[in-house]
Structures are given as C-alpha cells and as structure tokens.
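# Coordinates in review
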Amino acid sequence: MSTRDLALRFALGAAIFVVAGLIGRHWGPVVGGVFLAVPAALAATLTLLAAKEQRGRPVARDAKGVLLGAAGLIGIAGCVWGLAVALPAWLTLVIATVVWAVLADVLDLVFGRPAPSTT
C-alpha cells in the first residue's frame, strides 16, 4: 500500500470520527458510538478498494477484512460503554484496545483465511 493510500485512509477515517463525535455530542454517546464502529472503517477502506478494483486486483479478501475489523471496533465500543463508568479512562482504553486486537485476530483466523484448494 502506498503512502498516498495510507494518507487517504487516515484522512477519511479521521473525518468520519469527527462526524461521529459531533453526532455523539448532539444525540448522545450511544448513537455516536454506532457511527464510530462500522462507518469509520468501511468508508475509508471502500475508497481504497474501488481504486484497487480499477487496477484489476481482487478485493474480496480486503472487503472481508473490513467486516472483521468492524466487528473488532464493535468490541471496542462495547468495552468502553461497559467499563467507562467503573474504571479510569486510560485503563478502559487499554482493555478495549486489547479486546479489539484479540477479537479482530480471532475472527480473521476463523473467517478470514481462504478455503484450502481441493485440486
């Protein structure tokens, strides 16, 4: 992935996080959290997938990775929602980050690997 693609992904993801924060400020953290989980990863990655598809590269693996990563982000949201009132913010974020990493990796191991070839 080129530096330009990474910068584009970062910029789009950051913009979506800002919009989700504004939504959360206006309609509350539960509604804002929904907008943080899936759209942030999806919008930035779909832009890159479209560019890859135009260059003739298969993108099914990337699309599956987006969905599995989004599931990990939902894990972050659940941790923060459940732990933020009981633990210090830094500890909540550390636990949520670990949950995301483990969840995304386990989901990738289970669902993300290509099927073995039978030929």
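Residues numbered from 1 in each chain as written. Predicted model: local features only at pLDDT ≥ 70, side-chain atom pairs only at ≥ 80, totals over all residues. Heavy atoms only, no water.

### Describing the overall build of the chain
Of regular secondary structure, the chain possesses four helices and zero strands. Reading the chain from its N end, one meets helices and strands in the order α-α-α-α. Looking at the 119 residues of the chain, the share that counts as buried comes to 24%. Contacts spanning at least 24 positions in sequence make up 59% of the contacts within the chain whose residues lie at least 6 apart. (Helix = DSSP H or I, 4+ residues; strand = E, 2+ residues; numbered from the N terminus. Buried < 20%, exposed > 50% of the residue type's maximum accessible area, 1.4 Å probe, protein only. Contact = heavy atoms within 4.5 Å.)

### Quick look at the environment of I23
Examined against the element boundaries, I23 turns out to sit in helix α1 (residues 3-27). Taking the C-alpha atoms as reference points, I23 and F35, separated by twelve residues in sequence, lie 8.0 Å from one another. Discounting chain neighbours no more than four positions away, the residues touching I23 are G28, V31, G32 and F35.

### Some points on a nonpolar patch on the surface
Taken together, the side chains of W90, V94, V98, V102, V106, L109, V110 and F111 present a nonpolar region at the surface, about 810 Å² in accessible area. Relative to the elements of secondary structure, W90 occurs in helix α4 (residues 89-112). (Patch = residues over 30% accessible without salt bridge, like charges linked within 9 Å, V, L, I, M, F, W, Y side chains within 5 Å. Areas by Shrake-Rupley, 256 points an atom, 1.4 Å probe, with all protein chains shown as cover. Salt bridge = Lys/Arg side-chain N within 4 Å of Asp/Glu carboxyl O.)

### Observations concerning the confidence of the model for the chain
For the chain, per-residue confidence averages 76 on the pLDDT scale, and 71% of positions sit at 70 or higher. For the chain, the element scoring lowest by mean pLDDT is helix α2 (residues 29-54), at 68; α4 scores highest, at 86. (pLDDT = per-residue confidence, 0-100.)

### Remarks on the side chain of T92
Mapped onto the secondary structure, T92 falls in helix α4. Judged by relative accessible area, which is 2%, T92 ranks as buried. In contact with T92, not counting residues within four places along its chain, are C79, V80, L83, A84 and L87.

### Notes on the environment of G32
Locating G32 in the fold gives a position in helix α2. For the pair G32 and V19, spaced 13 residues apart in the sequence, the C-alpha separation amounts to 8.8 Å. The residues contacting G32, other than those within four sequence positions of it, are A20, I23 and G24.

### Concerning α1
Compared with an ideal rise of 1.5 Å per residue, which puts 25 residues at 36 Å, α1 spans 36 Å between its outermost C-alpha atoms and is within 8% of the ideal. Buried within α1 are the following residues: D5, G13, A20, I23 and G24. One or two steps after α1, the chain reaches G28, where phi turns positive at roughly 105°. (Expected span 1.5 Å × (residues − 1).)

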